[in-house]
Amino acid sequence: MAKIKPSKGAPYARILGVGGYRPTRVVPNEVILETIESSDEWIRSRSGIETRHWASDEETVAQMSIEASGKAIADAGISVEQIGGVIVSTVSHFKQTPAVATEIADKLGTDRAAAFDISAGCAGFGYGLTLAKGMIVEGSAEYVLVIGVERLSDLTDLEDRATAFLFGDGAGAVVVGPSQEPAIGPTVWGSEGDKSDTIKQTVPWTDYRDGTVEKFPAITQEGQAVFRWAVFEMAKVAQQALDAAGITVDDLDVFIPHQANVRIIDSMVKTLKLPEHVTVARDIRTTGNTSAASIPLAMERLLATGEAKSGDTALVIGFGAGLVYAATVVTLP
């Protein structure tokens, strides 16, 4: 029997740089109220959202990703040619094939990097981060670009009172590279497919193509069911990620949950009993729910504003359609 040569990757991996892109158009709640019967006070109290960003025709999934990635690569202090992998998490790139990651890799100027898309909804960034870590430790790439990007305004039913106000557009990216010490903890991830109907696309694309329905497909959800699941089940997953990393809430500096709803975030903070010194990301107030982009965008803003600093220990957790989830502890770049 032939012996396969073992891989020679880095002992560990870490996030080396982060970048974000928010579309230029800022959309206040007043615009949403033109198509649903509600109020600014109701939207703020239910979700915490005051404004969100919506992309123009020119701000495509690829273009926003390239903008965010350029910032992340510069922040990491490496050259584009050193990128060996490009992982893009998105549910709003409307070409089934080829993967938008291949276009991004080419336009950035990488040297034939491995490039692929993943569909894991709001947990997509955590999934991509875990895959990137594996590639670096395994040795198939030295640096990997992980992108979360969405144009959820394309999948929003502006007449749906339950979701019209929730979604925003944007892209967040990180560069993951080698490390001599642990800086991305074990990932606690999984799925609960029996609950997949609680967040879903209204109808398949083929129903719209065949004329079975006249309204373009959109994202819909059962708000109360999602809220209960996120608050009670995801707090358990977050605790499991802390345990897997061998730390307690007292060791944390930052908490960056998926920006789904301020009430969910606040409830998780209470359930986890986070100390007052822990900085909590609440980027949803001005960015809305950007699904796979929400964690890297929130991370980028915390670092840019000085609310978090390089070397801080952060708990990140994403959860959403599927229902899927992923949580891990990271050292901030």
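The model shown is predicted, which means the values in this text are computed figures rather than measured ones.

Student: What is the right way to read the overall build of the protein from this model?
Tutor: When helices and strands are tallied, the protein shows 10 helices and 14 strands. The C-alpha radius of gyration computed for the protein amounts to 19 Å, which stays within 12% of the reference 20 Å derived for 333 residues, consistent with globular compactness. Taken over the C-alpha atoms alone, the protein extends approximately 65 × 45 × 40 Å along its principal axes. The proportion of buried residues among the 333 residues of the protein is 54%. At a minimum sequence separation of 6, the contacts of the protein that also span at least 24 residues come to 77%. Carbon and sulfur atoms make up 50% of the accessible area of the protein, which totals about 14,600 Å². Put simply, the protein has 29 plus and 43 minus side-chain charges, and the middle of one group is 4 Å from the middle of the other.

Student: Quick question: what am I supposed to make of the sheet that holds strand β11 (residues 254-257) here?
Tutor: Sheets are built from strands that pair by backbone hydrogen bonding, the pairs being arranged parallel or antiparallel. Read from one edge to the other, the open sheet built from five strands follows the order β8-β14-β13-β11-β12, with strand pairing classed as mixed. In the strand order of this sheet, the two ends are held by β8 (188-191) and β12 (279-280), each with one partner. Two strands pair when backbone bridges link them, and β11 and strand β13 (residues 313-320) are joined in this way by four bridges, in the parallel orientation. Pairing of I256 across the sheet is with V316, part of β13.

Student: Would you explain the layout of surface pockets in this entry?
Tutor: Empty space among the atoms becomes visible once a probe the size of a water molecule is rolled across them. Within this model, the largest pocket holds a volume of roughly 1,100 Å³. If you go around the largest pocket, you meet 46 residues; those closest to its centre are V91, L152, I199, I219 and A321. Examining the composition of the lining of the largest pocket, we find that five residues originate from one element, helix α7 (residues 223-245), more than from any other. Each residue belonging to the lining of the largest pocket can be placed in one class, and the counts come to 25 nonpolar, 15 polar and six charged.

Student: Whenever I open this one, the environment of T60 confuses me. Can you help?
Tutor: Structurally, T60 can be placed in the loop between β3 (51-54) and α3 (61-76). Counting along the chain gives 91 residues from T60 to R151, while the straight-line C-alpha distance between them is 7.6 Å. Of note is the side chain of T60, whose polar atom sits 3.0 Å from the backbone nitrogen of Q63.

Student: Is there a simple way to explain the environment of D312 in this structure?
Tutor: Among the secondary structure elements, D312 is positioned in the loop between α10 (294-305) and β13. Note: C-alpha distance between D312 and T331 (19 residues apart in sequence) is 5.7 Å. Residues within four places of D312 in sequence aside, it is in contact with D253, V254, V330, T331 and L332. Looking at D312, its side chain comes within polar contact range of the main-chain nitrogen of K309, at 2.9 Å.

Student: Is there a simple way to explain the packing of α7 against helix α8 (residues 262-272) in this structure?
Tutor: In a pair of packed helices, the angle between the axes and the distance between the axes together describe the arrangement. At a closest axis distance of 9 Å, the pairing of α7 and α8 adopts a crossing angle of 40 degrees. With respect to α8, the element α7 is oriented oblique. Judged by the sense of rotation from one axis to the other, the crossing of α7 with α8 is right-handed. On the side of α7, the interface is formed by F227, A230, V231, M234, A235, A238 and Q239, while α8 contributes R263, I264, S267, M268, T271 and L272. Tallied by class, the residues present in the contact of α7 with α8 amount to nine nonpolar, three polar and one charged.

Student: Looking at this model, I keep getting lost on the sheet that holds strand β7 (residues 169-179). Mind explaining?
Tutor: Here we have five strands laid out as an open sheet, ordered β1-β7-β6-β4-β5, and mixed in their pairing. Only two strands of the sheet have a single partner each, and these edge strands are β1 (12-21) and β5 (114-118). Averaged over all adjacent pairs, the angle separating strand axes in this sheet is 20 degrees, with direction ignored. In terms of strand pairing, strand β4 (residues 83-89) meets β5 through five bridges, oriented parallel. Across the sheet, the residue bridging to I87 is F116, located in β5. Against the sheet, α3 makes contact with β1, β4, β6 (143-151) and β7, and its axis sits at roughly 125 degrees relative to β1, the strand it touches most. Its contacts with the sheet place α10 against β1 and β7, and it is angled at close to 85 degrees to β1.

Definitions and limits used
Here the residue numbering is sequential within each chain, running from 1 through the sequence in written order. Totals for whole chains, interfaces and linings use every residue, but because this is a predicted model, local features are given only for residues with pLDDT of at least 70 and side-chain atom pairs only at 80 or more, for both listing and counting. Each side-chain value is derived from all of the structure's non-hydrogen atoms; neither hydrogens nor water enter the calculation. Here a helix means four or more residues in a row that DSSP labels H or I, a strand means two or more in a row labelled E, and each is numbered from the N terminus. A radius of gyration in this sense is built from C-alpha atoms; the matching globule rule multiplies 2.2 Å by the number of residues raised to 0.38. Buried, partly exposed and exposed residues are distinguished by accessible area as a fraction of the type maximum, computed with a 1.4 Å probe on protein chains only: under 20%, between the cut-offs, and over 50%, respectively. Two residues qualify as a contact provided that any one of their heavy atoms is within 4.5 Å of a heavy atom in the partner residue. We get accessible surface area from the Shrake-Rupley algorithm with a probe of 1.4 Å; when it comes to residues, only the shown protein chains can shield them. Think of it this way: Lys and Arg go in the positive column, Asp and Glu in the negative one, and His and the chain ends go nowhere. By convention, charge coordinates are those of NZ in Lys, CZ in Arg, CG in Asp, or CD in Glu. A pair of strands is treated as paired once DSSP finds two or more bridges between them. Here a cavity means grid points, on a 1 Å grid over the protein atoms only, where a 1.4 Å probe fits yet cannot get out; a pocket means an open set of points with protein on both sides within 12 Å along at least five of seven lines; lining residues are those with an atom within 4 Å of a point. Grid points are joined across faces, edges and corners, and a volume is the space filled by probe spheres set on the points. Residue polarity is assigned by list, with Asp, Glu, Lys and Arg as charged and Ala, Val, Leu, Ile, Met, Phe, Trp, Tyr, Cys and Pro as nonpolar; anything else, Gly included, falls into the polar class. N or O atoms closer than or at 3.5 Å make up a polar contact, with two conditions inside protein: a donor-capable atom paired with an acceptor-capable one, and, for residues adjacent in sequence, both atoms drawn from side chains. Orientation is described by lines fitted to C-alpha atoms, with helices fitted over the stretch in contact, and by angles between N-to-C directions that extend from 0 to 180 degrees. Geometric relationships in this document are graded by angle, where less than 35 degrees denotes roughly parallel, more than 145 denotes roughly antiparallel, 65 to 115 denotes roughly perpendicular, and other angles denote oblique. Throughout, a crossing is termed right-handed when the near helix is turned clockwise from the far one, and left-handed when it is turned anticlockwise from it by less than a right angle.

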